[in-house]
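The residues making up each chain are set out below.
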Amino acid sequence: AIDGKKLNFTPFDKAIIPPPMCAASLDLPAPVVGVAARPTFYNEVVGEGRVEFIIALSDGKLALLQSGGVGVKTGSSMTPGFQPPSLLAIVDPFNI
């Protein structure tokens, strides 16, 4: 769920937490306007450092979120067995 600059996560396979509560959240530098997720397949092996989400921010930049690994900024989780995505990079597509 999107809450301004905060992106909230709930792994429904591990816990059912009703909105507006969440299992973990990640603060971003600008308000979120869109989220794109990489498709996940049933028997897929999850690798660390893989870009899982691309987040469009209101300032025109893109935030890349990774699963596992050590990112610049890591969310905190209240659900055992769930590690929320971490911020891998902020990309400005207009200044490449």
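Refer to the structure presented above.
Summary of the structure given here.

**A few points about the overall build of the protein**
- A count of helices and strands for the protein gives zero helices and nine strands.
- In the protein, which comprises 96 residues, the share counted as buried stands at 32%.
- Considering only residue pairs separated by 6 or more positions, the protein has 44% of its internal contacts joining residues 24 or more positions apart.
- Split by element, the accessible area of the protein, about 6,100 Å² in all, is 62% carbon and sulfur.

**Observations concerning the packing of aromatic side chains**
- Inspection of every chain in the model, using the stated rule, returns one aromatic pair.
- Relative to phenylalanine 53, the ring of phenylalanine 9 has its centre 5.7 Å away and its plane inclined at 55°; by these criteria the two rings are tilted. You can see phenylalanine 9 sitting in strand β2 (residues 6-9) and its partner phenylalanine 53 sitting in strand β5 (residues 50-57), a full 44 residues away along the chain.
- Given the relative accessible area of 10%, phenylalanine 9 is considered buried.

**Some words on the pattern of salt bridges**
- The full count for this structure, using the stated rule, is two salt bridges.
- For lysine 14, the salt bridge goes to aspartate 13, with nearest N and O atoms at 3.9 Å.
- For aspartate 13, a relative accessible area of 67% puts it in the exposed group.
- In this structure, the salt-bridge partner of arginine 38 is glutamate 52, at a minimum N-O distance of 3.4 Å. Here arginine 38 is found in the loop between β4 (32-37) and β5, whereas its partner glutamate 52 is found in strand β5, with 14 residues between them in sequence.
- Residue class for arginine 38 comes out partly exposed when judged on its relative accessible area of 25%.
- Residue classification places glutamate 52 among the buried residues on the basis of a relative accessible area of 13%.

Criteria and thresholds
Residues numbered from 1 in each chain as written. Predicted model: local features only at pLDDT ≥ 70, side-chain atom pairs only at ≥ 80, totals over all residues. Heavy atoms only, no water. Helix = DSSP H or I, 4+ residues; strand = E, 2+ residues; numbered from the N terminus. Buried < 20%, exposed > 50% of the residue type's maximum accessible area, 1.4 Å probe, protein only. Contact = heavy atoms within 4.5 Å. Areas by Shrake-Rupley, 256 points an atom, 1.4 Å probe, with all protein chains shown as cover. Phe/Tyr/Trp six-rings, centres within 6.5 Å; stacked < 30°, edge-to-face > 60°. Salt bridge = Lys/Arg side-chain N within 4 Å of Asp/Glu carboxyl O.

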